[in-house]
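Per-entry structural report
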Amino acid sequence: MENEVTGAIEVTEVAEPTEEVFDVFHWANEIDEVKNNVSVELFLFNKNYTPYRVRYADSLTASAKAMFMQEATGFIIKEADKGLVCREYEKSDGEDHVIYRTKLANVGRAETLLHLIEHEYKNIDSWSDHVDEFKKVKGILAKFSYPGNDGETKTFYIAKALSPSSALRGGTSWELNGENFEPFSAEVAMKMPEDNQVAIIGDTVVIFNQSKFENLFQYDYKAQVIADEKAKEIQEKYKLSFAEGLTLNSLLQDRKPLVKKLQALDIAEEMPQEKLVEYADEMQLELMTDDDGSIIIMDDKDLTMFVNLLSEDYYVSPVNGRRYEIKSKKLLGEPEGEPPRGN
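Presented here is a report on the structure given in the accompanying data block. (Residues numbered from 1 in each chain as written. Predicted model: local features only at pLDDT ≥ 70, side-chain atom pairs only at ≥ 80, totals over all residues. Heavy atoms only, no water.)

Focus: the pattern of salt bridges
A full pass over the atoms with the stated rule returns 9 salt bridges. Between K35 and D32 there is a salt bridge whose closest N-O contact spans 3.5 Å. When its relative accessible area of 29% is taken as the criterion, K35 is described as partly exposed. In this structure D32 comes out as partly exposed when scored by relative accessible area, which is 35%. Of the charged contacts, one joins D292 and K239 as a salt bridge, the two residues approaching to 3.9 Å between their closest N and O atoms. (Salt bridge = Lys/Arg side-chain N within 4 Å of Asp/Glu carboxyl O. Buried < 20%, exposed > 50% of the residue type's maximum accessible area, 1.4 Å probe, protein only.)

Written as structure tokens, this is what we have:
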């Protein structure tokens, strides 16, 4: 804009929009106000994060709300007056009187679980058809719904880990009724966790118990940071072509052995792409390239082969001519009397 007095051009600095931080304390107070209008639905999910619909008796409604919802909101409201704070999970670790938050998009397994419930509900099996699979159960998820001020239904989730060892099976358990043992009437009984563990509100995950959250959704932030850094280094040096829907970051996610192997490599010092392809040919490996010379990665097996090639983990024995994949290597010292190689 031109200044009418001086004729000079004035530049107005436009502030960049700041990301709105989820206010867990406001949320807890909001839920406390509408708690009588909240409905709850329960899901069990297994170690593959497949959800199953579970019904419950009307007589358990108040207990379900208290154990999952009111336990969490009550803790937040009560402890807020004592200095409870909510911090970003990725920038904090193990502080006292702190709960954490992270983006749902960061927690792939939780995001997948909620996607199935919200968008594939009709395809979710009833747990009654999978009772014999209780040993595979990972946790329980309570979905809460209530009417918002704008008339739209609002939802949030509370997740808790379940231990199969805490379950009682009907065939091997007895009930103690007064002074009498009686046959156990249910197929399976389970003790619900009483502690607060994880809440998912919109696109935010609120973490009450760090270790249980990490175990429940197999989320290892530090390993993922390393994986993301290595993925960036690899893509800066090598031309890779991925199957539709795949990325290097997504393939590395949750593959700790590969991430650990990459962590030991200095990508900048590893062999160039042409030599790596030649190495694969010498080992008679089916490493595919496209017309542009990019290495094709179709799945995790291709990625494992690529990382093994970077690590020089393939070897042809000069004794029998057979090919081997080396599972672990230990660098030997130089023979006595020999000058170090490279001098």
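On we go from here.
Concerning the packing of helix α5 (residues 221–237) against helix α7 (residues 256–263)
Orientation of α5 relative to α7, taken along the N-to-C sense of each, is 60 degrees, at an axis distance of 10 Å. Overall, the two elements α5 and α7 adopt an arrangement that is oblique. Seen along the crossing, α5 lies across α7 with a hand that is left-handed. Taking contact as the criterion, the partners of A223, I226, A227, K230 and I234 in α5 are, on α7, V259, L262 and Q263. (Axes fitted to C-alpha atoms, helices over the stretch in contact; angles between N-to-C directions. Helix = DSSP H or I, 4+ residues; strand = E, 2+ residues; numbered from the N terminus. Parallel < 35°, antiparallel > 145°, perpendicular 65-115°, else oblique. Left-handed = near helix turned anticlockwise from the far one by under 90°. Contact = heavy atoms within 4.5 Å.)

Observations concerning α7
L258, V259 and L262 are the residues of α7 that are buried. Down the axis of α7, the buried set is contained in an arc of 100 degrees. They therefore lie on one face. Turned more than 90 degrees away from the buried face of α7, the exposed residues are K256, P257 and K260. Buried positions along α7 lie against α5, α6 (248–252) and α9 (300–310). (Arc of directions from axis to C-beta.)

A few points about the sheet that holds strand β4 (residues 98–103)
On the basis of which strands lie adjacent, the open sheet formed by 8 strands has the order β2-β1-β5-β6-β11-β12-β4-β3 and mixed pairing. Either end of the sheet is taken by a strand with one partner, and the two such strands are β2 (51–54) and β3 (85–88). Geometrically, the sheet is characterised by an average inter-axis angle of 25 degrees between neighbouring strands, direction not taken into account. Here 4 bridges tie β4 to strand β12 (residues 204–207), and the two strands are oriented antiparallel to one another. If you follow R101 over to β12, its bridge partner there is V206. Lying on the sheet, helix α3 (residues 108–119) is in contact with β1 (39–46), β2, β5 (137–147), β6 (153–161) and β11 (198–201); it crosses β5 at an angle near 55 degrees. (Pairing = 2+ DSSP bridges.)

Focus on the nonpolar core
Core analysis: the largest hydrophobic core is formed by 33 residues, its most contacted members being W27, I99, F144 and F156. At the level of secondary structure, the elements contributing two or more residues to this core comprise α1 (24–34), β1, α2 (61–80), β5, β6 and β11. Look past the residues within four positions of W27 in its chain and what remains in contact with it is F22, T73, I76, F156 and I201. By size, the runner-up hydrophobic cluster in this structure holds 29 residues, among which are Y238, L258, I267 and L276. (Core = buried A, V, L, I, M, F, W, Y, C linked by side-chain atoms within 4.5 Å.)

Quick word on the side chain of K65
Inspection of the secondary structure assignment puts K65 in helix α2. Excluding residues that lie within four positions of it along the chain, K65 makes contacts with K35, N36, V38, Q70 and F144.

Quick word on α2
Taking 1.5 Å as the rise per residue, α2 with 20 residues should run 28 Å; its terminal C-alpha atoms sit 27 Å apart, in good agreement. Q70 marks where α2 bends most, by close to 45 degrees. What α2 keeps buried is the set A64, K65, F68, M69, A72, T73, I76 and E79. Considering only its buried residues, α2 is in contact with α1, β1, β4, β5 and β6. (Expected span 1.5 Å × (residues − 1). Bend = angle between axes of the 7 residues up to and from the residue.)

Quick notes on the side chain of Q210
As for its position among the elements, Q210 is in helix α4 (residues 210–216). What makes Q210 buried here is its relative accessible area of 18%.

A few points about the pairing of β4
Counted residue by residue, β4 has 5 buried out of 6 residues, so it is predominantly covered. As defined by bridge partners, β3 adjoins β4 across 4 bridges and the pair is classed as parallel. Bridged to V85 within β4 is V98.

As far as function goes, none of this settles anything; it's purely spatial.
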